[in-house]
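Residue strings, one per chain:
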Amino acid sequence: QHILSTGLKATLRVIGLVNDLLNVARIEEGRFGFRFTAQPFPAIVRSAADALKKLSEDKGISLDLVIPDENMPAVIVDQEKIGMALDNIITNAIKYTPPGGSVTVSVWHEGTSIYTAVKDTGIGIPAHQISRIFDKFFRAENAVRFQTSGTGLGLYVMKNIVESHGGRVWLESEENKGTTVTFSLPIKEKDRGDGQ
């Protein structure tokens, strides 16, 4: 039983690495195949968070959503790719937060953008390494010590997805206190129809 469990975990890690590498190759070759449509953003965030509820519960971490206005303007997104970006950030937050901690996903509308912030009470990032956190294959020293598995590609892929949507990504972190990753997406312009 133990050998089977260990083998399964190793196999899943390899599959995750291969998928990450394929996504990076597609991004860098301009073959990521975005299909943009106008979407209500809160529903996409809820779906991404719901899919990770069990992961957070199994680790003893509370995963909370804060969406003050459900009737936000639509955003023009590739629903699958933005879902992947959200999955990467929220999974990271859960992975690097010790049991008993919390992850809060907040969404709000301001000006011509919709913002999403994923805030955790995790291990944080050393100040001298924050500028490299979105680099391909980079993992902070304390992250490697805390969690041996990881490709260092999740945030790189996430940043590329958001920027391909015309959005921005930034990060604030304090070691041993937590990290907040925030990104913006432009609101659907009225004269662009359904965003196709």
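Coordinates for the structure precede this section.
Residues numbered from 1 in each chain as written. Predicted model: local features only at pLDDT ≥ 70, side-chain atom pairs only at ≥ 80, totals over all residues. Heavy atoms only, no water.

The next point concerns unusual backbone geometry. For Asn-176, which is not a glycine, the phi torsion comes out positive at approximately 70°. Here Asn-176 is to be found in the loop between strand 6 (168–174) and strand 7 (178–186). (Helix = DSSP H or I, 4+ residues; strand = E, 2+ residues; numbered from the N terminus.)

Under the definition given, this model contains six salt bridges. Between Asp-78 and Lys-81 there is a salt bridge whose closest N-O contact spans 3.6 Å. (Salt bridge = Lys/Arg side-chain N within 4 Å of Asp/Glu carboxyl O.)

To continue, consider the nonpolar core. By size, the foremost hydrophobic cluster in this structure holds 42 residues, and its most contacted members are Phe-41, Ile-82, Leu-86, Ile-90, Met-158, Phe-183 and Leu-185. The set of elements that each furnish at least two residues to this core consists of helix 2 (41–51), strand 3 (75–77), helix 4 (79–95), strand 4 (102–110), strand 5 (113–120), helix 6 (154–164), strand 6 and strand 7. Counting residues per element, this core draws most heavily on helix 4, at seven residues. Excluding its chain neighbours within four sequence positions, the residues that come into contact with Ile-90 are Ala-48, Ala-49, Leu-52, Leu-63, Val-105 and Val-118. (Core = buried A, V, L, I, M, F, W, Y, C linked by side-chain atoms within 4.5 Å. Buried < 20%, exposed > 50% of the residue type's maximum accessible area, 1.4 Å probe, protein only. Contact = heavy atoms within 4.5 Å.)

This paragraph deals with the environment of Asp-64. Take Asp-64: it is sitting in strand 2 (residues 62–66). Separated by 40 residues in sequence, Asp-64 and Thr-104 place their C-alpha atoms 4.8 Å apart. For Asp-64, the contacting residues outside a window of four places in its chain are Val-103, Thr-104 and Val-105.

The N-to-C vectors of helix 4 and helix 6 enclose an angle of 145°; their axes lie 9 Å apart at closest approach. When the axes of helix 4 and helix 6 are compared, the crossing they make is left-handed. Side by side, helix 4 and helix 6 meet where Lys-81, Ile-82, Met-84, Ala-85, Asn-88, Ile-89 and Asn-92 of the first sit next to Gly-154, Leu-155, Val-157, Met-158 and Ile-161 of the second. Considering only residue class, the contact of helix 4 with helix 6 consists of eight nonpolar, three polar and one charged. (Axes fitted to C-alpha atoms, helices over the stretch in contact; angles between N-to-C directions. Left-handed = near helix turned anticlockwise from the far one by under 90°. Nonpolar A, V, L, I, M, F, W, Y, C, P; charged D, E, K, R; others polar.)

Any functional reading would require information that these geometric values do not contain.
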